[in-house]
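Architecture and fold: a report
Take a look at the letters that make up each chain.
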Amino acid sequence: MEALIENPGKVVEAERISGSEAILRCLINEEVETIFGYPGGAIMPVYDALFDYENQLRHILVRHEQGAIHAAQGYARNSGKVGVCFATSGPGATNLITGITDAQIDSTPIVCITGQVASHLLGSDAFQETDIIGISMPVTKWNFQVTKPEEIPEALAKAFYIAQSGRPGPVLIDITKDAQQQSFDFIYKRCERIRSYQPYPELREEPLKAAAALINQAKKPYLLFGQGVTLSGAEDELKRFVEKTGIPSASTLLGLSAFSTKHPLYVGYTGMHGNYGPNVKTNECDVFIAIGMRFDDRVTGDVTTYAKQAKVIHIELDPAEIDKNILTDVAIIGDAKQVLKALLPLVNKNSHQQWLAEFRACDKIEMDKAVQKSLEPKSKLMTMAEVVHKLSEKTKGKSVIVTDVGQHQMMAGRYYQFDELKSHITSGGLGTMGFCLPAAIGAKIGTPERQVIAIIGDGGFQMTIQELGVIMQYQIGVKILILNNSFLGMVRQWQQLFFDKRYAFTEMDNPDFIKISEGYRIPAQRVQERNHLDEAFNKWLNQEGSSLLEVVVEKEENVFPMVPSGSCVSKIRLE
Amino acid sequence: MEKREYTISVLTEDKPGLLNKLTIILSRRKININSLNVSTTEVKGVSRFTIVATATKIDLEKVVKQIRKLVDVLGSFLYEEDQIYYQEIALYKLSLEVFQQNGLLEKLIRQHGAKIIAIEDNQIVIEKTGTKQETHELYEVLEPYDILEFARSGRVAISKSKRRTEAFIHELETSQSNTLSIKEF
Ligand SMILES: Cc1ncc(C[n+]2csc(CCOP(=O)(O)OP(=O)(O)O)c2C)c(N)n1
């Protein structure tokens, strides 16, 4: 037997074990604690092995594989660890695809392990055989099919290394049933390098100097940060950079909570339903600094009119994002933390009070034209804005907010005053309805010490409602807030604004959410009246464990401001 | 911006499935592949994909960077025609009888720098190496003589750079920079 180094300082001998057991041993070596999964024929050997590893690996049985992958995403985004999923072949594997796509576009580190039919059956249209490698190719950072047990350690070591290094992303490893069943000499070695993959570029000096020169002579500099800051753990560096340079700073939707919304230099969030100031000032600044973001079209609107007057500095880890949507004057390819550290000594201490005051003047306009109407509505029923605003006050901006997709998502982004790092989880790039409930479950498991609140629309809730079963079975203390407008609200808003109010198939008859919740043994209450909200919040939040609060909100509330899809960011509508 | 024909050269680890991973990056953007060739290189375990596509330079630069993101890709480069040496190969099959009836054909073939690689079963196979235009010219010459079958390969290309593939791979192995492999090679 060969002796090899497994972990630094620890020498182990190869052991003869089954492929299935090897998979679990790999996970333990990668310090995995939790697996979200669902069994089936082609992955049964792994589940059988898992039975003996119950005290080392916690398996959460979801109610649909889409729930597994979204839970893994929520877990990963909150804890910074890799999210792990198990699914069987065929339908089990294909049910993961939406979440894998979501993780790819939002750069979330995930490892999916799917069972596959025995290798001699590959290509024969066997029962539950599907070419998941082919299907997942465009939506994974890497994928690989294992047909021999000997390939398991290396494939999994690479999977974990690739998923979490550089710009993170999802990896799928498909393992045939025979490879799970056969035995081999197992030895694990973590992957530290792949020659065809360099996740961390060397920082070059010239662009750093060029960027510093631009920043130092700027009169109206503007900074926009994205999730890259959170992913690289650069929150502290960002704060120091912003405070030294005095630059008004805005967030993308996914950047929210990387910087306190209460900071005097924070000017709001950009994009389709973002704040007025940061959107219009994009087209007035002289130097535009983008950090860890990718100029999504929901941020830029019409690219041909976006920040044209400005010198653009783009700080980004992924070279393929440079010049993809917006042409840059200075590109700094590198990890946000590393770049900001290097840039800090090169920039001058500065302040831009007058320029900052222009943002505050915009805030005033937004307050008068949009915010006030939402927060102090004349309507009998409450608005989503009002509810989120009160929730923010109640929780002092300290909770982890997980949202689904739609109006409530935008309202949560606009009105929750994030005051703690890693506190906002949403499906940004893909906009996946059904994301919230399972992602909140994953987030709570990832950081049990924090209060995790799921804010969901009545539509999206019903897309993955079955995951209430997970909350019940494992007693996951997620707080659920349903903002019920009996509409697919965001689509209805577009119908109102752009389709002559033709509400084609967006009104919904909803079930009794309270009864459903109680059916899952989750305490629930419904509130309709404004003056009962505070009391309802107290009861809901003070309840031990999970609880659900349904707030019946105004049916036809709109989210404003709004940059209509594809238009210029300065043409933002306030009402 | 004007659409033109460009050559993308991709050095990869010799792994299954890569062809798909590469081509979907082009098809996503509705870029048609004019030709594609996969071959080994002088370095063991390293393959070369040569893709010819017509698109704007800006779009193809983005594609080349996205190709580089694939984990098993070592390097991905975009070339204009004058940055590479390239060739294609074409095969033409005629009936031996027709060939023999037209004495002039042999001379034509020689003039075009083509050669006869097989005469068998009453058929004759002619081979010509050259640019697409050159092989097409010969096609037009032979067309009146009833071509029974014609096939043309994808382009193969090597860069005019003086760097060796091996040295490039060595640089990659020792460097941390992922910008290296999208620079010109
Ligand atoms: C899986 C999926 N299908 C469809 C859509 C399109 N879509 C975006 S928002 C929305 C309406 C969401 O309604 P609801 O969950 O009630 O939230 P609200 O907008 O009312 O807050 C729809 C249908 C989507 N984003 N995801």
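Rules of the game
Residues numbered from 1 in each chain as written. Chains lettered and ligands numbered in written order. Predicted model: local features only at pLDDT ≥ 70, side-chain atom pairs only at ≥ 80, totals over all residues. Heavy atoms only, no water. Domains from an automatic or database assignment. Contact = heavy atoms within 4.5 Å. Buried area = accessible area lost by both parts, 1.4 Å probe. Salt bridge = Lys/Arg side-chain N within 4 Å of Asp/Glu carboxyl O. Polar contact = N/O pair within 3.5 Å; in protein donor to acceptor, adjacent residues only side chain to side chain. Helix = DSSP H or I, 4+ residues; strand = E, 2+ residues; numbered from the N terminus. Nonpolar A, V, L, I, M, F, W, Y, C, P; charged D, E, K, R; others polar. Near = heavy atom within 4 Å. Areas by Shrake-Rupley, 256 points an atom, 1.4 Å probe, with all protein chains shown as cover. Buried < 20%, exposed > 50% of the residue type's maximum accessible area, 1.4 Å probe, protein only. Core = buried A, V, L, I, M, F, W, Y, C linked by side-chain atoms within 4.5 Å. UniProt positions renumbered as here; feature names shortened; annotations may be inferred. Disulfide = S-S within 2.5 Å. Pairing = 2+ DSSP bridges. Axes fitted to C-alpha atoms, helices over the stretch in contact; angles between N-to-C directions. Lys, Arg positive; Asp, Glu negative; His and termini not counted.

1. A short note on the domain arrangement of chain A
Residue and element names in this part refer to chain A. One can read the domain layout of chain A as domain 1 (3–186), domain 2 (205–359) and domain 3 (378–552). Taking only C-alpha atoms, the centre of domain 1 and the centre of domain 2 are 37 Å apart. Contact residues are listed per partner, giving seven residues for domain 1 and seven residues for domain 2. For the pairing of domain 1 and domain 2, the buried interface totals around 610 Å² over both sides, and the portion due to carbon and sulfur atoms is 52%. It is R77, D106 and R167 that lose the most area in domain 1 upon contact with domain 2, and together they represent 65% of the buried surface on that side. Between D318 and R167 there is a salt bridge, with the nearest N and O atoms lying 2.9 Å from each other. In this structure, the connection of domain 1 to domain 2 is made through three residue pairs in polar contact (both at pLDDT 80 or more).

2. Side note on the interface of chain A and chain B
Listed per partner, the contact involves 24 residues of chain A and 28 residues of chain B. Both faces combined, the contact of chain A with chain B buries some 2,300 Å², and carbon together with sulfur accounts for 50% of it. If you sort the residues of chain A by the area they bury against chain B, R195, S196 and Q198 of chain A come out on top, with a joint share of 31%. At the surface where chain A touches chain B, the tally comes to three salt bridges. One salt bridge in this structure joins E173 of chain B and R195 of chain A, with 2.8 Å as the shortest N-O distance. Our count for the contact surface shared by chain A and chain B stands at 13 residue pairs in polar contact (both at pLDDT 80 or more). Counting only elements with at least two residues in the side of chain A that touches chain B, the list comes to β8 (142–146) and α7 (152–164) of chain A. Classifying every residue of the side of chain A that touches chain B gives twelve nonpolar, three polar and nine charged.

3. Overview of the site of the ligand
Residues and elements named next belong to chain A. Residues in contact with the ligand amount to 18 residues; listed here are only the nearest, Q407, H408, G431, G460 and G489. Contact distances for the ligand include 2.7 Å between an oxygen atom and a backbone N or O atom of G460. F487 is positioned with one of its backbone polar atoms (N or O) 3.0 Å from an oxygen atom of the ligand. Out of a free accessible area of 590 Å², the ligand has 76% covered by protein chains. Secondary structure elements with two or more residues in the shell around the ligand: α17 (407–415), α19 (458–461) and α21 (489–498). Residue composition of the shell around the ligand, by class: eight nonpolar, nine polar and one charged.

4. Let's talk about the environment of W142 of chain A
For W142 of chain A, the location among the structural elements is in strand β8. The class of W142 of chain A is buried, set by a relative accessible area of 4%.

5. Regarding helix α1 (residues 19–29) of chain A
Two residues of an α-helix separated by three or four positions point the same way, owing to the 3.6 residues in each turn. Residues and elements named next belong to chain A. Taken across its eleven residues, α1 has nine buried, putting it largely inside the fold. Inspection of α1 places G19, S20, A22, I23, L24, R25, C26, L27 and N29 among the buried residues, and these make up the whole buried set. Within two residues after α1, E31 carries a phi angle of roughly 65°, on the positive side.

6. Observations concerning the nonpolar core
All names here are of chain A. Core analysis: the biggest nonpolar cluster contains 84 residues, and F288, I291, I313, L391 and V551 have the highest contact counts within it. Of the domains in this structure, domain 2 (205–359) and domain 3 (378–552) are the two that each give at least three residues to this core. Contact partners of F288, with chain neighbours within four places excluded, come to Y222, L224, T282, F295, Y306, A307, A310, K311, V312 and I313.

7. Observations regarding the pattern of salt bridges
Evaluation of the coordinates by the stated rule reveals 45 salt bridges over all chains. Between E420 of chain A and K398 of chain A there is a salt bridge whose closest N-O contact spans 3.7 Å. With E420 of chain A in the loop between α17 and β18 (424–425) and K398 of chain A in the loop between α16 (384–395) and β17 (400–403), this pair connects stretches of sequence that are 22 residues apart. Since its relative accessible area comes to 32%, E420 of chain A is described here as partly exposed. The salt bridge involving R526 of chain A is made with D512 of chain A; its shortest N-O contact spans 3.1 Å. Linking R526 of chain A in strand β21 (residues 524–527) with D512 of chain A in the loop between α21 and α22 (513–519), this pair joins segments that are 14 residues apart in sequence. Bridged by salt links that share partners, the residues R167, D318, E321 and K324 of chain A together with K69 of chain B form one connected network.

8. Some remarks on the UniProt feature "domain: ACT" (unreviewed entry) in chain B
According to UniProt, the "domain: ACT" (unreviewed entry) feature falls on residues 7–81 of chain B. As annotated, residues 7–81 of chain B comprises 31% helix and 44% strand, and the C-alpha atoms at either end are separated by 7 Å.

9. What to know about the state of the cysteines
Disulfides are covalent bonds that connect the sulfur atoms of two cysteines. Residues and elements named next belong to chain A. Under the counting rule described, the total for this entry stands at zero disulfides over all chains. With no disulfide of its own, C26 has C191 as its nearest cysteine by sulfur position, at a separation of 12 Å. A relative accessible area of 0% means that C26 is categorised as buried.

10. Remarks on the sheet that holds strand β4 (residues 34–37) of chain A
All names here are of chain A. One open sheet accounts for six strands, arranged β5-β4-β6-β7-β9-β8; its pairing is parallel. Of all the strands in the sheet, just β5 (58–61) and β8 have a single pairing partner and so form its edges. Neighbouring strand axes in the sheet, compared pairwise and without regard to direction, differ in orientation by 20° on average. For β8 and strand β9 (residues 170–176), the ladder comprises five bridges, and the chain directions are parallel. Directly across from N143, in β9, lies its bridge partner L172.

11. Topic: the side chain of K141 of chain A
Structurally, K141 of chain A can be placed in the loop between α6 (132–136) and β8. The buried charged residue K141 of chain A lacks any salt bridge partner; its closest oppositely charged side chain belongs to D318 of chain A, at an N-O distance of 8.8 Å. Dropping the residues within four chain positions of it, K141 of chain A is found in contact with Q104, I162, S165, R167, P168, G169, P170 and Y197 of chain A together with V71 of chain B.

12. Notes on the UniProt feature "domain: Thiamine pyrophosphate enzyme central" (unreviewed entry) in chain A
Mapped onto this numbering, the UniProt entry gives "domain: Thiamine pyrophosphate enzyme central" (unreviewed entry) at residues 208–343 of chain A. What you have in residues 208–343 of chain A is 33% helix and 20% strand, and the ends, taken at the C-alpha atoms, are 6 Å apart.

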